[in-house]
Amino acid sequence: MRFRHPDGSTVHLAYCTNVHPAETLDGVLAQLRDHCEPVRRRLGRDRLGIGLWLAKDAARALVTDPAALRGLRCELDRRGLEVVTLNGFPYEGFGAEEVKYRVYTPDWADPERLEHTAALARVLAGLLPEDVTEGSISTLPLAWRTAYDDERAETARTALRTLAERLDALEELTGRSIRVALEPEPGCVVETTRDAIAPLTAVGHDRIGICVDTCHLATSFEDPGTALDDLARAGVPVVKSQLSAALHAEQPHLPEVREALAAFAEPRFLHQTRTATAAGLRGTDDLDEALAGDALPDAGPWRSHFHVPLHAAPAAPLTSTLPVLTSALTRLVGGPHPLTRHLEVETYTWQALPPELRPRGRAQLADGIAAELTLARDLLTDLGLKELP
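Draft legend 1. Seen up close, the overall build of the protein chain. The helix and strand inventory of the protein chain stands at twelve helices and 15 strands. A compact globule built from 389 residues should have a C-alpha radius of gyration of about 21 Å, and the protein chain, at 20 Å, falls within 12% of that. With the C-alpha coordinates of the protein chain rotated into their principal frame, the extents come out at 60 × 50 × 45 Å. In the protein chain, which comprises 389 residues, the proportion classed as buried is 59%. Residue pairs in contact within the protein chain that sit at least 24 positions apart in sequence constitute 79% of those at least 6 positions apart. With an accessible surface of roughly 15,000 Å², the protein chain has 51% of that area assigned to carbon and sulfur atoms. With 41 positive and 57 negative side-chain charges, the protein chain shows a separation of 5 Å between the mean positions of the two kinds.

Draft legend 2. Fine view of the sheet that holds strand β12 (residues 302–308). In space, the five strands of this open sheet follow the order β11-β10-β12-β9-β13, with antiparallel pairing throughout. Strands at the two margins of the open sheet, each flanked by one partner only, are β11 (280–284) and β13 (318–320). Here the average twist between neighbouring strands, direction ignored, is 30 degrees. Where strand β9 (residues 245–249) meets β13, three bridges bridge the pair, whose relative direction is antiparallel. Residue pairing across strands places Ala249 opposite Leu318, the latter belonging to β13.

Draft legend 3. Representation of empty space enclosed by the protein in the model. Throughout the structure, instances matching the rule amount to four cavities of 30 Å³ or more. If you add up the space inside the largest cavity, you get close to 160 Å³. Looking at side-chain class alone, the lining of the largest cavity contains nine nonpolar, six polar and four charged residues. Within this model, the second largest cavity holds a volume of roughly 50 Å³. The wall of the second largest cavity is formed by Pro184, Glu191, Thr193, Ile210, Cys211, Val212, Asp213, His216, Leu217 and Glu222. Of all the secondary structure elements, the ones that give two or more residues to the lining of the second largest cavity are β7 (208–213) and α7 (214–219). If you tally residues by element for the lining of the second largest cavity, the top one is β7, at four residues.

Draft legend 4. Spotlight on the packing of aromatic side chains. Taken as a whole and assessed by the stated rule, the structure comprises eight aromatic pairs. For the ring pair Phe264 and Phe306, a centre distance of 5.2 Å and an interplane angle of 85 degrees mean the geometry is edge-to-face. Placement of Phe264 in the loop between α9 (255–262) and β10 (273–277) and of Phe306 in strand β12 is noted, with a sequence separation of 42 residues between them. Across this residue pair, the class does not change: Phe264 and Phe306 are buried. One aromatic cluster in this structure is built from Trp53, Phe94, Phe269 and Tyr348. It is Arg303 that lies over the ring of Phe221; its NZ or CZ is 4.4 Å from the centre.

Draft legend 5. Main features of the environment of His205. Looking at the secondary structure, you find His205 in the loop between α6 (193–203) and β7. Look at His205 and you get partly exposed, because its relative accessible area is 23%. Sequence-distant contacts of His205, that is, excluding residues within four places in its chain, are made with Ala164 and Asp168. Only 3.1 Å separates the side chain of His205 from the side chain of Asp168, close enough to count as a polar contact.

Draft legend 6. Spotlight on the packing of helix α4 (residues 111–127) against helix α5 (residues 150–174). Running from N to C, α4 and α5 cross one another at 20 degrees; their axes reach a closest spacing of 10 Å. For the element pair α4 / α5, the angle class is roughly parallel. Crossing hand, α4 versus α5: right-handed. Contact residues: α4 offers Leu114, Glu115, Thr117, Ala118, Ala121, Arg122 and Ala125, while α5 offers Ala159, Thr162, Leu163, Arg166, Leu167, Leu170 and Thr174. By residue class, the composition of the contact of α4 with α5 is eight nonpolar, three polar and three charged.

Draft legend 7. Spotlight on the state of the cysteines. A complete count under the given rule lists zero disulfides for this structure. You can see Cys215 has no disulfide; the closest cysteine sulfur is in Cys211, sitting 12 Å from it.

Cut-offs and rules
Residues numbered from 1 in each chain as written. Predicted model: local features only at pLDDT ≥ 70, side-chain atom pairs only at ≥ 80, totals over all residues. Heavy atoms only, no water. Helix = DSSP H or I, 4+ residues; strand = E, 2+ residues; numbered from the N terminus. Rg over C-alpha atoms; globule rule 2.2 N^0.38 Å. Buried < 20%, exposed > 50% of the residue type's maximum accessible area, 1.4 Å probe, protein only. Contact = heavy atoms within 4.5 Å. Areas by Shrake-Rupley, 256 points an atom, 1.4 Å probe, with all protein chains shown as cover. Lys, Arg positive; Asp, Glu negative; His and termini not counted. Charge placed at Lys NZ, Arg CZ, Asp CG, Glu CD. Pairing = 2+ DSSP bridges. Axes fitted to C-alpha atoms, helices over the stretch in contact; angles between N-to-C directions. 1 Å grid on protein atoms, 1.4 Å probe; cavity = no way out; pocket = protein on both sides within 12 Å on 5 of 7 lines; lining within 4 Å. Points joined across faces, edges and corners; volume = space filled by probe spheres on them. Nonpolar A, V, L, I, M, F, W, Y, C, P; charged D, E, K, R; others polar. Phe/Tyr/Trp six-rings, centres within 6.5 Å; stacked < 30°, edge-to-face > 60°. Lys NZ or Arg CZ within 6 Å of the ring centre and 35° of its normal. Polar contact = N/O pair within 3.5 Å; in protein donor to acceptor, adjacent residues only side chain to side chain. Parallel < 35°, antiparallel > 145°, perpendicular 65-115°, else oblique. Left-handed = near helix turned anticlockwise from the far one by under 90°. Disulfide = S-S within 2.5 Å.

Here it is as structure tokens:
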């Protein structure tokens, strides 16, 4: 979906396909047929943007076989789909029964992360629509915080500088400008937007910036205005933003609230949980840890890294951090010029919701994704952006 900003520039809105498990190119092609095109039809659009997730094997198949890449591009066109952004965070196995900490490997101190991301950039350059010259890729925020020392930090910085040089060369070759964005996430080396400033300044290249995920922003109790102001002062570009909402519990000390939260503690994904205290942010690596005894102070609200559907906040006594998303979006695209032109709805946890809230089959999932995009579209038009055909 495309929108015209009042300044005349185009803002792209997509939804991320990491909600549909696929490890191979054949699986990606099936996603387009079984999920993405049905969402487009529900929205009544001739064209729909998707934030494509390509696992290791799918990416390698595309980068080593020009015919396969042309075939994917033709299939996108045939189904009324377009790609300007990729989710390069998960490497493989994102649809496994247990993902948890595995999603943080390989990290940026591992050569494979550089090679995978460079491959994604080459693929994206070949998938961009004819009238689009800029693409974006979100990626791991350096590493999970443990086992990350000064030596690995320098290796990661060197890898990002090498990536920037390769992206420069790619633009010279193709005329397509691809930028990569570290995506701050609770528990990682770069947990907050502020944590991103020092390493990105050290890399010192405008092709490497930040992806503002509004669920992660909210989980860490960051104020959107302060966060974006800090990035602007530091000269860190917002390459893309993922529109998402976290799970919020206003009174976690109450037994009924803990019972409601327990329904969201599930075995597939990590749900880092945080609370703001007078002494600073406190947290656990997962929701079940927070619920175990007194692992986390409960005098103030808790927020958990659980991407809940944008249009459907959990039932009371829980809610979502949709207001944080709305506030961030106002700052991102509501001013005289957009701070980013790539927006991506990323609710990958539909099948991890409590059983009674999960979609039953493809049709209900498509309905839900379409409803999320409709909400995002309405927020954008309320900010003065005009939806384009």
